[in-house]
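Each chain, letter by letter, is given below.
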Amino acid sequence: MTIRAFFEEQAEACTALGSPFTGRLLTLLAQKLAPDTAVGERILNWQGDASNRGDSVPLRLTGALHALVLQGKSPALIAAYPPNAVDDATLWQAVHSALTAHNDQLQDWLDSPPQTNEVRRAAALMPAMLSLQTMFNLPLVISELGASAGLNLNWDRFELTLEGQKFGTPNATVQLAPDWSGPLPPQIAPQVIDKAGCDINPLDPVRDALRLRAYIWPDQTDRMQRTEAAIAIAQQQNAPVARMDAEDWLKSRLSTRHHGAVHVVYHTVAWQYFPQATQNACEAALQQAGAAATAEAPLAHIGMEADGQGDGAGLTAQIWPGGQKYNLGRADFHGRWVNWRGVG
């Protein structure tokens, strides 16, 4: 595929995920981006995999442009971005001017892949966590792979509404209410006694708040509000996210046995970005730790990942002792809906 095709592909994905503005912007970029600016020349001659399965170049650029808007640096872009409505010619003129006027900042943003935490994915995490807490009647120790800024390490501080029933922390500032199908999870208070994560390039919820906000699509104000609320919680909670490869960090994290707690290792739309060697090493570490798990120190591995088996992401679990695998259901990549089967 060509660079332009990658922009068109990402445009379709953004539109399907509820951001018609970002889809429209990416379509314009696919059609009109030219080597008449340094940014355009670099992108059109990108060295590497520019697709959303590789370097995610289209989202690098849209995030960089949105950052200019959030910083108030480009009046023309601000006037062309939601909640304002302009025609394609006006939007493109604003974008093209920004490509020239803010070349240095845009180039810096192109150097790094998109990073954010989709907070609504916690709508699938929380039912899994509460089910494990109930299964063993033990509190939780949680370890997230690919945690970015660690926003979803604080899922226990969110409130989830399903079919009129409330789960999680009452009256939390982060409110989740996905379209839900399936049995309801246990209605118990989350008990998390230890939490930590790792990321190859972790973001700091204070220093990198702009980056977290910029990758939220401009016409999705509800996502922005949830993300800002989750950033505020993360700034207060300060759950540690180590700058480490998943393999090394997980081996270290699993080396401590947590008697009297369920150790839950989890990841959401992150596993696919790990090199195959890292995936294999993480699997081996989990299997080794699982073999030593007991009813007093159980281990679980929860995944929410693309699997090509249907809409959205597959929700999976493996639980030790025993190593039983479960198909928990499926969820939208942005947590807008959850089709839950549960454990058992």
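Residues numbered from 1 in each chain as written. Predicted model: local features only at pLDDT ≥ 70, side-chain atom pairs only at ≥ 80, totals over all residues. Heavy atoms only, no water.

1. Here's the deal with the overall build of the protein
Line of reasoning, step 1. The helix and strand inventory of the protein stands at 12 helices and 12 strands.
Line of reasoning, step 2. The C-alpha atoms of the protein give 21 Å as radius of gyration, which agrees with the globular expectation for 344 residues (20 Å, within 12%).
Line of reasoning, step 3. Structurally, the protein occupies a C-alpha span of about 65 × 45 × 35 Å along its principal axes.
Line of reasoning, step 4. For the protein, the residues scored as buried account for 55% of the 344 residues in total.
Line of reasoning, step 5. For the protein, contacts bridging at least 24 residues in sequence account for 70% of all contacts bridging at least 6.
Line of reasoning, step 6. Surface summary for the protein: the accessible area is close to 14,400 Å², and the carbon and sulfur share equals 49%. (Helix = DSSP H or I, 4+ residues; strand = E, 2+ residues; numbered from the N terminus. Rg over C-alpha atoms; globule rule 2.2 N^0.38 Å. Buried < 20%, exposed > 50% of the residue type's maximum accessible area, 1.4 Å probe, protein only. Contact = heavy atoms within 4.5 Å. Areas by Shrake-Rupley, 256 points an atom, 1.4 Å probe, with all protein chains shown as cover.)

2. Concerning the state of the cysteines
Line of reasoning, step 1. Applying the stated rule across the entire model yields zero disulfides.
Line of reasoning, step 2. A disulfide-free cysteine, cysteine 198 has its sulfur positioned 7.6 Å from the sulfur of cysteine 282, the nearest such atom. (Disulfide = S-S within 2.5 Å.)

3. Structural notes on the pairing of strand β11 (residues 324–331)
Line of reasoning, step 1. Bridge count between strand β10 (residues 313–320) and β11: seven bridges; the pairing is antiparallel. If you follow leucine 315 over to β11, its bridge partner there is glycine 329.
Line of reasoning, step 2. Linking β10 to β11, which pair antiparallel, is a turn of three residues; within it glycine 322 sits at a positive phi near 110°. (Pairing = 2+ DSSP bridges.)

4. Regarding the sheet that holds β10
Line of reasoning, step 1. The nine strands lie next to each other as β5-β12-β11-β10-β9-β8-β1-β6-β7, forming an open sheet whose pairing is mixed. Whereas interior strands pair on both sides, the edge strands pair on one side only; in this sheet they are β5 (179–181) and β7 (241–243). The sheet shows a mean angle of 20° between the axes of neighbouring strands, direction not considered.
Line of reasoning, step 2. By the bridge criterion, three bridges tie strand β6 (residues 192–199) to β7 in an arrangement that is parallel. Among the inter-strand pairings, cysteine 198 is bridged to a residue of β7, identified as alanine 242.
Line of reasoning, step 3. On top of the sheet, helix α11 (residues 246–254) reaches β1 (140–145), β6, β7, β8 (262–268) and β9 (299–305); it is set at about 170° to β1, its chief contact. (Axes fitted to C-alpha atoms, helices over the stretch in contact; angles between N-to-C directions.)

5. Regarding helix α2 (residues 20–32)
Line of reasoning, step 1. For α2, which comprises 13 residues, the first-to-last C-alpha distance of 18 Å matches the rise-based estimate of 18 Å (1.5 Å per residue) to within 8%.
Line of reasoning, step 2. Along α2, the positions that sit buried rather than exposed are Phe21, Thr22, Gly23, Leu25, Leu26, Leu28, Leu29 and Ala30. (Expected span 1.5 Å × (residues − 1).)

6. So, the sheet that holds strand β2 (residues 159–162)
Within a sheet, adjacent strands bond to each other through the backbone by hydrogen bonds, running parallel or antiparallel.
Line of reasoning, step 1. Judged by pairing direction, the sheet is mixed, and its three strands sit side by side in the order β3-β2-β4 without closing on themselves. For this open sheet the edge positions go to β3 (165–168) and β4 (175–176), each flanked by a neighbour on one side alone.
Line of reasoning, step 2. Sheet analysis places β2 next to β3, joined by four bridges and oriented antiparallel. What sits directly across from threonine 161, in β3, is lysine 166.

7. A closer look at the pattern of salt bridges
Line of reasoning, step 1. Tallied over the full model, the rule gives 15 salt bridges.
Line of reasoning, step 2. Here aspartate 55 makes a salt bridge to arginine 60, at a shortest N to O gap of 3.9 Å.
Line of reasoning, step 3. On the accessibility criterion, arginine 60 (6% relative accessible area) is buried.
Line of reasoning, step 4. For lysine 195, the salt bridge identified is with aspartate 156, shortest N-O distance 2.8 Å. Taken together, the positions of lysine 195 in strand β6 and aspartate 156 in the loop between β1 and β2 put the pair 39 residues apart, joining distant regions of the chain. Taken individually, lysine 195 and aspartate 156 each receive the classification buried, so the pair is uniform in this respect. (Salt bridge = Lys/Arg side-chain N within 4 Å of Asp/Glu carboxyl O.)

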